Amino acid sequence: MKVLIELGVEELPAWPFLQEFDNILPKWDAALAKHNFKADFKLDYTPRRIVLSGELAEFAPDKEVENIGAPKNVALDSDGKWSKAALAFASKCGISESELAFKEIKGKEVLYHKSIAKGVSLKSVLSSIIEDFALSLSFGKTMRWGDKDCAFIRPLRNLVVLLDDELLECELFGVCSNKASFVHRDFGYDKMSFDTAAQYFEVLEKNAVILSSDERKSRILAQFDELEKQSGLKIERDDELLAEVVAITEYPNAHLGSFDKEFLELPKEVIITSMKENQRYFALLNNDGSLANRFVVVANSTSKDSALIVAGNEKVLRARLSDAQFFWHSDLKNPFNAEKLKNITYLAGLGSVYDKELRECEISVVLADIYSSELKALGASKELLKEAIMLSKADLATTMVYEFTDLQGIMGGYYAKHAGKNELICKAITEQYLPNSDESELPSNAFSSVVAMSAKLDALLALFSINKIPSGTKDPYALRRAALGVIKIALKLGVNFDIKELLVALSKNYKSFELDALYDFILDRLYALYEINPSIIKACINAGVSDLVQLDANIRALDIIVRADGFETGFDTFKRLANILKEAKIGSVDESLLENESEKALYSAFRACKLDFSKPSEYLNELFGLKGDIDSFFDSVMINDPDERKKANRIALIGGIYEAFIKIADIKEISA
C-alpha cells in the first residue's frame with residue numbers, strides 16, 4: 001500500500017529540527033518494527049511540515065513468538081502439580097494447563113511455549129505507529145498548546161494520512177486527518193484540498209512549496225552563482241547558515257543588498273556575525289578577500305519586487321550595524337586591561353576570571369621552560385607571555401563581546417592591536433581558544449600555543465579540583481575538548497611533553513585532588529585522536545609512557561606494524577610469550593645455564609637488537625624480528641624444566657624480551 005503522511009506544524013525552529021533530522025527515519029523504522037512492518041521511506045520537510053512517503057504491506061508478516069518461563073523446580077510444587085508461576089505463564093501464553101511443557105535451555109529445563117502471531121493489518125495500527133513515532137522525536141524543548149496535554153516541537157496544525165489515496169481517519173494531538181494542506185502563505189492562509197497523493201504533491205508544487213530540501217539547496221546555490229556573476233564578488237558560503245536557510249524557507253529566492261561603506265571600519269567578523277546571527281544574511285568578499293559592503297538575503301517569498309525586499313532588509317541591517325558601531329567606539333574609549341575581570345566570577349570555588357588569569361600565568365612560566373628554544377626564536381619572554389595572558393580575557397568586559405559572545409578572543413585581538421600591544425600578544429589573544437572543534441586549526445606559533453595551553457590546563461586542573469568532572473555524555477565545561485586541545489598542540493610543537501610530570505608540577509596551585517584521574521582523563525582523549533585499532537592505543541598507554549610526543553610516536557609505529565600483511569598470524573608467537581609470563585617473576589639471565597642451541601640463539605639475537613627508544617619504529621621491528629628465534633625456542637625448549645634454576649633462567653630470557661616490548665607497548669593488549 002502506498003503511504004503518505006504529513007505532520008503539518010507551525011514554523012519549525014531550524015537547529016533543533018536539524019539536530020534531530022538524521023534520527024527521524026530510523027525512529028520511523030523503529031515505530032514500524034514494533035508491529036513487524038519494514039519498508040524504505042522518503043523523508044521531506046519544509047518549515048511547516050514533516051512528510052513521510054513510501055510503501056507498506058497491507059498486513060504485517062506473521063511473527064514467531066517464544067515465551068520462556070520459570071525453571072522446572074519453580075513451575076512444579078512439592079506434589080508435582082503446577083505452581084502459581086506455571087499457571088500465570090499459561091495465562092500469559094493463552095494456553096491451558098495441559099499444554100504447558102518444558103524445554104532445556106542453556107542446560108536448564110524451563111517452561112517454554114512457541115506460537116505464531118498473526119500479522120496485523122496496516123489500517124488497524126498505522127494511527128498508533130504515527131503517534132509512537134511523533135512522541136519518539138527529541139527536539140530538546142517542546143511546546144504545549146491549547147488545553148492539550150501533548151507536547152511537540154511546535155503545535156500540530158494539520159494531519160494527512162493516505163493509504164492508496166484513501167484517507168485513514170485518525171487523530172494525533174487532537175488534530176484529525178484530512179485531505180488538505182497548507183501552501184505557501186503568498187497563496188493564502190487557508191488549506192487547499194486534494195484527492196490523491198499525486199495531487200498532494202501537485203498542489204504544493206503549484207503553490208510555491210518546494211518539498212525537497214535538496215531542491216531548495218540547489219536552487220539557492222544556483223542563485224548564488226548568478227549573483228556572483230552579476231556582482232563580480234564572492235559569496236561566503238557558510239555551510240551552517242546555508243543549512244539553516246534551507247530549513248526556514250519553502251520557496252527560497254536570493255537577493256543582493258548593500259550597506260553603507262562607513263560600516264567597513266568595523267572588524268569584518270563583527271559585520272559578518274551581525275548579518276549571520278541576527279538576519280541570516282550571507283557576506284560577500286572582494287577578490288582580495290576583504291569584506292565588501294554587500295550582502296545576500298534569501299527570502300521565503302515569491303514576490304517579483306526584489307527592490308522592496310532588498311530595501312526592507314537594508315534598513316534592518318543598517319540599524320544592526322549602527323548598534324555594532326556604537327559598541328566598537330564605546331569599547332575603544334575604555335582602557336583595555338584586566339581590571340574589570342576582578343568583578344566577573346569564573347566559577348564558585350575558583351574565584352574571578354582575574355584569578356584564573358593569574359593561575360594561567362603560573363602555568364605559562366612552566367610551559368615557557370619546556371618551549372624555551374621556540375619562544376626565544378620568536379623573541380618572546382616570560383613577561384610578554386604573562387602580559388598576553390592577563391589581557392586574553394579582557395574583552396569579556398566589553399560591550400561588543402557582551403552582544404556577540406562568539407567574538408570573544410577575536411575582539412580582544414583587535415582591541416589589543418588598537419592599544420598598541422605587541423603583535424605576538426594580539427595574535428595569541430585571537431588564537432587562545434584554538435582548537436575549538438575537531439576540524440579547527442591550531443595556534444600558529446609557540447607563543448600562541450603556550451597561551452592556549454595555559455588556559456586549557458587551568459580549566460582541567462581547576463574543574464577537577466572542585467570535582468566538576470565530566471560523566472557519561474555530559475561535559476558542560478568542554479573539558480574533553482580542552483584535554484584533546486592540549487594533546488594536539490603538544491604534538492604539533494613536537495617537543496618532549498611529559499604530561500604526568502607537568503600535572504604534578506602545576507597541581508600545587510589547586511585544591512588537592514586525585515591527579516591520576518586527570519592524567520587518565522587526558523590520555524583517554526587519545527582514542528578520539530586516531531582512526532586506528534583502539535587496542536593499539538591501549539597497549540601503548542599501558543606501557544606507562546607519559547610523554548605525549550613519545551607516546552604519539554609509539555602509537556604510530558605500532559599501528560604501521562599491526563597493519564602489515566601477515567601480522568595477525570605471526571602475532572600468535574608474541575601472544576604466547578605474554579601468556580607464559582603472566583604473574584611470573586622475571587630475574588636476570590645467567591648465560592652459563594643456557595644449554596640448548598635454540599635458547600642460546602635467542603639470547604644472542606636479543607642481545608644483538610639495536611633498541612633505540614627514541615626510534616620506536618626501528619625498536620619494535622627489532623623485537624618483532626625475533627619471531628623465528630622465539631618459535632625455535634618454544635619448539636625446542638621446555639620452559640617448565642624440573643630444574644628450578646633452568647626454569648627461572650628461561651623465564652628471564654623471554655621475560656627480558658617482553659619487558660623490552662613493555663617500554664613501548666604492552667603487546668598482550670593488542671587484538672589484531
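Before reading further, recall that the structure is shown in the block above.
Note that the structure is predicted; figures quoted are calculated from it, not measured.

Peer 1: Any details on the environment of Tyr 415? Residues and values, ideally.
Peer 2: With respect to the secondary-structure elements, Tyr 415 resides in helix 14 (residues 410–418). Counting along the chain gives 274 residues from Tyr 415 to Lys 141, while the straight-line C-alpha distance between them is 38 Å.

Peer 1: Break down the sheet that holds strand 13 (residues 234–235) for me, citing the residues and quoting the values.
Peer 2: Ordered in space as 13-15-16-14, the 4 strands form an open sheet in which the pairing is antiparallel. Lying at the two open borders of the sheet, with one neighbouring strand each, are strand 13 and strand 14 (252–258). Where strand 14 meets strand 16 (residues 291–300), 7 bridges bridge the pair, whose relative direction is antiparallel. Across the sheet, the residue bridging to Ala 254 is Val 298, located in strand 16.

Peer 1: Which residues make up the environment of Tyr 433, and what are the values?
Peer 2: Relative to the elements of secondary structure, Tyr 433 occurs in the loop between helix 15 (423–431) and helix 16 (446–465). For Tyr 433, a relative accessible area of 28% gives the class partly exposed. Expressed as a C-alpha distance, the spacing of Tyr 433 and Asp 547, which sit 114 residues apart in the sequence, is 23 Å. When neighbours within four sequence positions are excluded, Tyr 433 is seen to be in contact with Lys 393, Gln 408, Gly 409 and Lys 456. Here Gln 408 takes part through its side chain, which lies 3.0 Å from a polar atom of the side chain of Tyr 433.

Peer 1: Can you tell me about unusual backbone geometry, naming the residues and giving the values?
Peer 2: Negative phi characterises most residues that are not glycine, and trans characterises most peptide bonds. The omega torsion of the bond from Leu 434 to Pro 435 falls at -10°, within 30 degrees of zero and hence cis. Relative to the elements of secondary structure, Pro 435 occurs in the loop between helix 15 and helix 16. Positive phi, normally seen in glycine, also occurs at Arg 280, with a value near 60°. The topology assignment puts Arg 280 in the loop between helix 8 (268–279) and strand 15 (282–285). With relative accessibility at 28%, the residue Arg 280 sits in the partly exposed group. One non-glycine residue with positive phi stands out, namely Asn 467, at about 65°. Relative to the helices and strands, Asn 467 is located in the loop between helix 16 and helix 17 (479–493).

Peer 1: Give a detailed account of the pairing of strand 16, specifying residues and quantitative values.
Peer 2: Within strand 16, 8 of the 10 residues are buried, leaving the element largely enclosed by the surrounding structure. Strand direction decides the pairing type here: strand 15 and strand 16, joined by 3 bridges, are antiparallel. Bridge pairing in strand 16 places Phe 282 opposite Val 296. If you look at the hairpin formed by strand 15 and strand 16, you'll find 5 residues sitting between the two strands, and Gly 289 has a positive phi there, around 90°.

Peer 1: Can you tell me about the layout of surface pockets, naming the residues and giving the values?
Peer 2: The volume enclosed by the second largest pocket comes to roughly 340 Å³. Around the second largest pocket sit 13 residues that line it, and Leu 18, Phe 21, Tyr 45, Lys 217 and Ala 243 are the ones nearest its centre. When contributions to the lining of the second largest pocket are tallied by element, the ones reaching two or more residues are helix 1 (14–33), helix 6 (213–231) and helix 7 (239–247). Of the residues belonging to the lining of the second largest pocket, the class tally is 7 nonpolar, 2 polar and 4 charged.

Conventions adopted
Residues numbered from 1 in each chain as written. Predicted model: local features only at pLDDT ≥ 70, side-chain atom pairs only at ≥ 80, totals over all residues. Heavy atoms only, no water. Helix = DSSP H or I, 4+ residues; strand = E, 2+ residues; numbered from the N terminus. Pairing = 2+ DSSP bridges. Buried < 20%, exposed > 50% of the residue type's maximum accessible area, 1.4 Å probe, protein only. Contact = heavy atoms within 4.5 Å. Polar contact = N/O pair within 3.5 Å; in protein donor to acceptor, adjacent residues only side chain to side chain. 1 Å grid on protein atoms, 1.4 Å probe; cavity = no way out; pocket = protein on both sides within 12 Å on 5 of 7 lines; lining within 4 Å. Points joined across faces, edges and corners; volume = space filled by probe spheres on them. Nonpolar A, V, L, I, M, F, W, Y, C, P; charged D, E, K, R; others polar.

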